[in-house]
Amino acid sequence: MSAKVWLVDDDLSVRESLGFLLRTLEYDVADFADLASFEAATSAQEPLRGCLLLDVRMPGISGLSWLAEKGERHPLLPVIIMTGHGTIEACRRAFRQGAFEFYTKPLEIEPLLESVHQAMHESEQRAQRWQAQQILQSRFALLSVRENEVMQLMIAGQTSKEIARDLSLSPRTVEAHRAAVLTKLEMDNLAQLIHAWQQLNQV
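The protein chain carries the name Response regulator transcription factor in an unreviewed UniProt entry, which gives Candidatus Pantoea communis as its organism.

And the structure:
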């Protein structure tokens, strides 16, 4: 899916004016009056890319509550909070919950547009990392249970003889499993395997 600016604000004048400005700058904009509408329109889509401009006080769930409860469902989507009721505590809460930026209304357009630009770039970087993770996951999923056991011991630094002893296998069988692991993962050596495993399991 192409990147969009997702704009969620119950104030029609904000959606119209900000949406118009962003579209004149050639951003693809999708706007919603509340989070329920946003979720209904995007629930079946791939991980969303772009950035989310999110108001705090709206009918239904508030922007900050949504960010705390459901924001992690959109790992590729930096969230820019907008509020007419900005407090230091609200700002702290927003950043604790992963907000990319925080603005109070009336909005200062130039800083907001710069943050949108930065958020779109951040989303692309996240998407590249996410796609790399998906490829790695699909490759690791090809390993059999035994191959996975051998791989874990390879990563732990054990030799083929040590692995054979621990798994009650012959060294030749272990060597065959080691070769199969590297082939399925499309890797040339143990160093690449260790690096890929660290990538796959990074927090």
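1. Examining the pattern of salt bridges
In a structure, side chains of opposite charge can pair up when their charged atoms sit close to one another. One pass over the full model with this rule turns up 14 salt bridges. Arg73 is the partner of Glu39 in a salt bridge, and the nearest nitrogen-oxygen pair spans 3.6 Å. Separated by 34 residues along the polypeptide, Glu39 in helix H2 (residues 35-42) and Arg73 in the loop between helix H3 (63-70) and strand S4 (79-83) bring together distant segments of the chain. With a shortest N-O distance of 3.6 Å, Asp166 and Arg165 are connected by a salt bridge. When its relative accessible area of 58% is taken as the criterion, Arg165 is described as exposed. Via salt bridges that share partners, Asp9, Asp55 and Lys105 belong to a single interconnected network.

2. A look at the packing of helix H6 (residues 145-155) against helix H7 (residues 160-167)
Taken N-terminus to C-terminus, the directions of H6 and H7 make an angle of 130 degrees; their axes are 10 Å apart at the nearest point. Of the possible angle classes, the one that applies to H6 and H7 is oblique. Seen from above, H6 lies across H7 with right-handed handedness. In this structure, H6 uses Arg146, Glu149, Val150, Leu153 and Met154 to contact H7, whose residues at the interface are Ile163, Asp166 and Leu167. Broken down by class, the residue content of the contact of H6 with H7 amounts to five nonpolar, no polar and three charged.

3. Some details on the packing of aromatic side chains
Tallying each qualifying case throughout the model produces five aromatic pairs. These aromatic residues form a ring-pair network of at least three members: Trp6, Phe32, Phe38 and Trp66.

4. Thoughts on the UniProt feature "domain: HTH luxR-type" (unreviewed entry) in the protein chain
With numbering matched to this structure, UniProt assigns "domain: HTH luxR-type" (unreviewed entry) to residues 136-201. Measuring from the first to the last C-alpha atom of residues 136-201 gives 10 Å, for a span that is 76% helix and 0% strand.

5. Observations concerning helix H9 (residues 190-200)
Among all positions in H9, only Leu193, Ala196 and Leu200 are buried. The buried side chains of H9 occupy one side of the element, clustering within an arc of 70 degrees when seen end-on. Exposed side chains of H9 directed beyond 90 degrees from the buried face belong to Ala191 and Gln198. As for H9, its buried residues are in contact with helix H5 (109-140), H6 and helix H8 (171-185).

Cut-off values and rules
- Residues numbered from 1 in each chain as written.
- Predicted model: local features only at pLDDT ≥ 70, side-chain atom pairs only at ≥ 80, totals over all residues.
- Heavy atoms only, no water.
- Salt bridge = Lys/Arg side-chain N within 4 Å of Asp/Glu carboxyl O.
- Helix = DSSP H or I, 4+ residues; strand = E, 2+ residues; numbered from the N terminus.
- Buried < 20%, exposed > 50% of the residue type's maximum accessible area, 1.4 Å probe, protein only.
- Axes fitted to C-alpha atoms, helices over the stretch in contact; angles between N-to-C directions.
- Parallel < 35°, antiparallel > 145°, perpendicular 65-115°, else oblique.
- Left-handed = near helix turned anticlockwise from the far one by under 90°.
- Contact = heavy atoms within 4.5 Å.
- Nonpolar A, V, L, I, M, F, W, Y, C, P; charged D, E, K, R; others polar.
- Phe/Tyr/Trp six-rings, centres within 6.5 Å; stacked < 30°, edge-to-face > 60°.
- UniProt positions renumbered as here; feature names shortened; annotations may be inferred.
- Arc of directions from axis to C-beta.

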